[in-house]
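The residues making up each chain are set out below.
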Amino acid sequence: MKELWHLSALGILLLIPSGEASTDCPEGFVSFFADPSIPMETCLLFAMDRKREWHEAHTYCNSLRSELANLDDGELHWQVIDYIHRNPDMLDEAFHIGCTDEVTEGKWLWVNGSPVRMGPPHWFYNQPDGGTRENYCCLYYDDFLYSSCVNRQTMYTICQI
Ligand SMILES: [Ca+2]
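Cut-offs applied
- Residues numbered from 1 in each chain as written.
- Predicted model: local features only at pLDDT ≥ 70, side-chain atom pairs only at ≥ 80, totals over all residues.
- Heavy atoms only, no water.
- Buried < 20%, exposed > 50% of the residue type's maximum accessible area, 1.4 Å probe, protein only.
- Helix = DSSP H or I, 4+ residues; strand = E, 2+ residues; numbered from the N terminus.
- Pairing = 2+ DSSP bridges.
- Disulfide = S-S within 2.5 Å.
- Donors = N, O, S within 2.8 Å, 3.2 Å for Na, K, Ca; no water.
- Phe/Tyr/Trp six-rings, centres within 6.5 Å; stacked < 30°, edge-to-face > 60°.
- pLDDT = per-residue confidence, 0-100.
- Contact = heavy atoms within 4.5 Å.
- Core = buried A, V, L, I, M, F, W, Y, C linked by side-chain atoms within 4.5 Å.

Enquirer: Looking at this model, I keep getting lost on the pairing of strand β4 (residues 94-100). Mind explaining?
Expert: For a regular strand, side-chain orientation follows a simple rule: the groups alternate between the two sheet faces. Burial analysis of β4 places 7 of its 7 residues in the buried class, which makes it a mostly covered element. Residues A94, H96, G98 and T100 of β4 are buried on one face, and the alternating residues F95, I97 and C99, pointing to the opposite face, are buried as well. Both β4 and strand β6 (residues 136-140) contribute to a ladder of 4 bridges, which runs antiparallel. Considered in β6, the bridge of A94 is made with Y140. Bridging between β4 and strand β8 (residues 155-160) involves 2 bridges; their strand directions are parallel. Of the residues in β8, the one forming a bridge with F95 is Y156. For β4 and strand β5 (residues 109-110), the ladder comprises 2 bridges, and the chain directions are antiparallel. From the neighbouring strand, T100 faces β5, where its bridge partner is L109.

In structure tokens form, the structure reads like this:
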């Protein structure tokens, strides 16, 4: 019911047939519908068992047959922010997602190789910065917009199926 409650809190009326989409996510993953007009589910895991460096986080998601989260569908980003704000233990934290400029400085790509949309509204003001010291984007408290984070920084992880 958490998912239904979450969606209803957004004012979205979405009827999920019993036994279908809302139960398709693996245990521990949370169901999101990025676009309520298209009933396509995505499943996110907020991995808070421990904090990891970005590459370790990438490997961890892959071990769960998932990938670091791709929030390029902007609506999904807003839903993730909303979800974090409803979970007090997440509020003072940062989260790895699946974008990096480690291959070519300044060229930000999702882990599937697609380009990351730059600038507002998804990046925090003046982000990314830090040059080659900051090659991984994260959702950083307390707004959870994209920021570039220091390369070896450990934090929680968002995986996606
Ligand atoms: Ca960089």
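There is more to say after this.
Enquirer: Got a minute to help me understand the state of the cysteines in this structure?
Expert: Here, disulfide denotes a covalent bond that connects the sulfur atoms of two cysteines. Applying the stated criterion to the full structure yields 4 disulfides. C25 shares a disulfide with C43; S-S distance 2.1 Å. Because the torsion about its S-S bond is -85°, the bridge between C25 and C43 counts as left-handed. Taken as a pair, C25 in the loop between α1 (2-9) and β1 (30-33) and C43 in strand β2 (residues 41-52) lie far apart in primary sequence, 18 residues in all. Each member of the pair, C25 together with C43, is buried. The disulfide pattern of the protein is 1-2, 3-8, 4-5, 6-7 when the bonded cysteines are numbered in sequence order.

Enquirer: Whenever I open this one, the coordination of the calcium ion confuses me. Can you help?
Expert: When four donors bind a metal tetrahedrally, each ideal donor-metal-donor angle is 109.5 degrees, and when six bind octahedrally, the ideal angles are 90 or 180 degrees. Distances from the calcium ion to its protein donors, D101 (OD), D101 (OD), E105 (OE), E105 (OE), G131 (O), E134 (O) and N135 (OD1), fall at 2.4 to 2.9 Å. As a motif over one chain, the donors of the calcium ion read D-x3-E-x25-G-x2-E-N.

Enquirer: Please clarify how the pairing of β1 should be interpreted in this entry.
Expert: Across the two faces of β1 the burial is the same, with V30 and F32 and S31 and F33 all buried. In the sheet, β1 pairs with β2 via 4 bridges, with the strands oriented antiparallel. Residue F32 lies in a different strand from β2, and its bridge partner there is T42.

Enquirer: What exactly am I supposed to notice about the packing of aromatic side chains here?
Expert: Each aromatic ring pair is described using two quantities: the centre-to-centre distance and the angle formed by the ring planes. Under the counting rule described, the total for this entry stands at 11 aromatic pairs. Relative to Y83, the ring of F46 lies with its centre 4.7 Å away and its plane at 25°, an arrangement referred to as stacked. On the criterion of sequence distance, the pair formed by F46 in strand β2 and Y83 in helix α3 (residues 74-85) is long-range, its members being 37 residues apart. With a centroid separation of 4.9 Å and 20° between ring planes, the pair formed by Y140 and Y141 is classed as stacked. Ring-pair connections join several aromatic residues into one group, and the members of that group are F32, F46, Y83, F95, F144 and Y156.

Enquirer: Before we go on, may I ask you to explain the confidence of the model for the protein in this structure?
Expert: For residues with low pLDDT, the predicted coordinates do not support detailed interpretation. Counting all residues, the mean pLDDT for the protein is 87, and 83% of those residues have values of 70 or more. Predicted confidence for residues 1-21 stays below pLDDT 50, and this span has 26 contacts to residues more than four positions away or in other chains.

Enquirer: Where do I start with the nonpolar core in this structure?
Expert: Nonpolar side chains in soluble globular proteins tend to be buried together. Counting residues in hydrophobic clusters, the biggest one holds 26 residues, and the most contacted among them are F46, L71, V80, F95, I97, L139 and I158. Secondary-structure elements contributing two or more residues to this core are β1, β2, α3, β4, β6 and β8. With 5 residues, α3 is the largest single contributor of residues to this core. Ignoring sequence-local partners within four residues, the contact set of F46 consists of F32, V80, Y83, I84, M90, F95, T157 and I158. C25, C43, L45 and W54 belong to the second-largest nonpolar core, a separate cluster that totals 11 residues.

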